[in-house]
Amino acid sequence: MSTTADRSQALATLHELSQAVLTISRHLDTGEALRRIVRTARELVGAEYAALGIPDGAGSFARFLVEGMTDEQWAAIGPLPRQHGMLSVMLHDPRPQRLDDITADPRFGWWPKAHPKLTAFLGVPIRDCDEILGALFLGNTTPAQDGEGFTEQDEELLTVLAAHAAIALTHARLYERERELAIAEERTRLARELHDAVAQKLFALRLTAEAASGLVQGDPQRARTHLRQISVLAKEAAEELRAAVDELRPAELDEDGLAIAMRKKVDVLDRAQQSRGGPRLTFRDTPISALPPAHEQVVLRVAQEALHNALRHAEAKRIEISLGPLPRGGAVLSVVDDGVGFTADSGTGERGLGLVSMRERADSVGGRVQVTSTPGQGTTVRLEVPGGRPA
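Residues numbered from 1 in each chain as written. Predicted model: local features only at pLDDT ≥ 70, side-chain atom pairs only at ≥ 80, totals over all residues. Heavy atoms only, no water.

Participant: How would you summarise the overall build of the protein chain if you had to cite specific residues and measurements?
Facilitator: Counting its secondary structure elements, the protein chain contains ten helices and ten strands. Taking all 391 residues of the protein chain together, the buried fraction comes to 40%. Accessible area for the protein chain stands at about 21,700 Å²; split by element, carbon and sulfur atoms hold 52% of it. (Helix = DSSP H or I, 4+ residues; strand = E, 2+ residues; numbered from the N terminus. Buried < 20%, exposed > 50% of the residue type's maximum accessible area, 1.4 Å probe, protein only. Areas by Shrake-Rupley, 256 points an atom, 1.4 Å probe, with all protein chains shown as cover.)

Here you go:
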């Protein structure tokens, strides 16, 4: 029969495992999920050191996360380790490795002078079916006991955590592939639009220019008419090109992610408005689950459109932008101003506020936009987009 202490320890273990799994579900940042797993492994098993390595395909590591060392200790060790010795074994052998003294194993190679001395060692590969994505390592049991190393129970627990790490890495791969597909589709669409719209305008512009050139001497009046047409066609071509470029996925989404990209844009706009006595802009966010790339782009574009409208029409003192999760997955954006507001028949209609464009963007990803406004009480733009798992 289990004792109260045993049950308490089991509950504590389940809680830590639950937190590690929830971190994977809630964070697009794979690094944060993996760091949580490394910390959990070290704490639950009672190891002095814990690490997680992900190979880079070139003999070294793309990531190598460590718990149990200070930044100074880690810096003293030097560059990221190459795949040698037991590190190499863990990335090529699908079996766990549990050793009472790693230095006594013939597969042990060496470690840098500043590397901490390890005896007990436990390593488990991070696997996706037959593919080894990385490895989770533990070194030295705590408190140190005479010759006692890691146990079979420790190995089972680390195997569970390695499986969660595999989920995080697999999700990251899927997201990256989805992002690449979205970029490829966007490039194809842009090429088609450029050909269908801009190319036709440019072709017509060239023909009109040739006609005007032939009429300059014989019929100046008709030549002037063609020249006016050239001006109109050039303007239309420029507008078509600008519209196509505006639809490109913003680079900052790939570099920073949605929330950080939005915060940066709001900060820039706020500084600009403060310099000229404009409204105060604020941004707040609650972590959301990973969204498909197309959905992220819609959220960012609608936020930009709503901010543009508020700055141009609202005469507001404050504009508040927020981003958060929906209960069943997806995200909700709101842009709220305390400006003059409007009514449906005030002359500032849907087209003037860009609501048609916002709704088209939302519809393209199965989302919806709602705009509410009252004269003298401001305007709220609310966008909901599906996607991801509940945060």
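The structure having been displayed, the exposition proceeds.
Participant: Break down unusual backbone geometry for me, with residues and values.
Facilitator: With a phi angle near 60°, Cys129 is a residue other than glycine that sits in the positive phi range. Considering the arrangement of structural elements, one finds Cys129 in the loop between β4 (121–128) and β5 (131–141). The backbone of Glu315 shows a phi angle near 55°, a positive value even though the residue is not glycine. Summarising the element assignment, Glu315 is placed in the loop between α9 (293–314) and β7 (318–325). What makes Glu315 exposed here is its relative accessible area of 67%.

Participant: Account for the sheet that holds β5, naming residues and giving values.
Facilitator: Ordered in space as β2-β1-β5-β4-β3, the five strands form an open sheet in which the pairing is antiparallel. Looking at which strands have only one partner, the edges of the open sheet turn out to be β2 (61–67) and β3 (97–99). The mean angle between the axes of side-by-side strands here comes to 10°, regardless of whether they run parallel or antiparallel. (Pairing = 2+ DSSP bridges. Axes fitted to C-alpha atoms, helices over the stretch in contact; angles between N-to-C directions.)

Participant: Any details on the packing of aromatic side chains? Residues and values, ideally.
Facilitator: Tallied over the full model, the rule gives three aromatic pairs. Considering the side-chain rings of Phe64 and Trp74, the 6.0 Å spacing of their centres and the 0° angle between planes classify their relative orientation as stacked. Residue Phe64 is located in strand β2, and its partner Trp74 is located in helix α3 (residues 71–77); the two are separated by ten residues in the primary sequence. Judged by relative accessible area, which is 14%, Phe64 ranks as buried. Judged by its relative accessible area of 27%, Trp74 is partly exposed. (Phe/Tyr/Trp six-rings, centres within 6.5 Å; stacked < 30°, edge-to-face > 60°.)

Participant: Can you lay out the sheet that holds strand β8 (residues 331–337) for me, pointing to particular residues and giving the numbers?
Facilitator: As summarised here, the arrangement of the five strands in space is β6-β7-β8-β10-β9, forming an open sheet in which the pairing is mixed. Lying at the two open borders of the sheet, with one neighbouring strand each, are β6 (280–285) and β9 (368–374). Here the average twist between neighbouring strands, direction ignored, is 10°. The pairing of β7 with β8 spans seven bridges and is antiparallel. Its bridge partner being in β8, Pro325 is matched across the sheet by Ala331. Against the sheet, α9 touches β6, β7, β8 and β10 (378–385), its axis set at about 5° to β8. Relative to the sheet, helix α10 (residues 355–364) contacts β9 and β10, its axis offset from that of β9 by approximately 150°. (Contact = heavy atoms within 4.5 Å.)

Participant: Go over the environment of Val266 with me, naming the residues and quoting the values.
Facilitator: Positionally, Val266 belongs in helix α8 (residues 258–275). Considered as a pair, Val266 and Glu320 are 54 residues apart in the sequence and their alpha carbons are 9.6 Å apart. Each residue touching Val266, except ones within four places of it in the same chain, is listed here: Leu281, Thr282, Phe283, Leu307 and Ile321.

Participant: Which residues make up the pattern of salt bridges, and what are the values?
Facilitator: With the rule as written, the count across this model stands at eight salt bridges. Close ionic contact of Arg107 with Asp105 constitutes a salt bridge, the shortest N to O distance being 2.9 Å. Here Glu384 and Arg368 are joined by a salt bridge, their closest N and O atoms 3.2 Å apart. Pair noted here: Glu384 is in strand β10 and Arg368 is in strand β9, with a separation of 16 residues, a long-range link. A residue is classified by how much of its surface remains accessible, and Glu384, at 16% relative accessible area, is buried. (Salt bridge = Lys/Arg side-chain N within 4 Å of Asp/Glu carboxyl O.)

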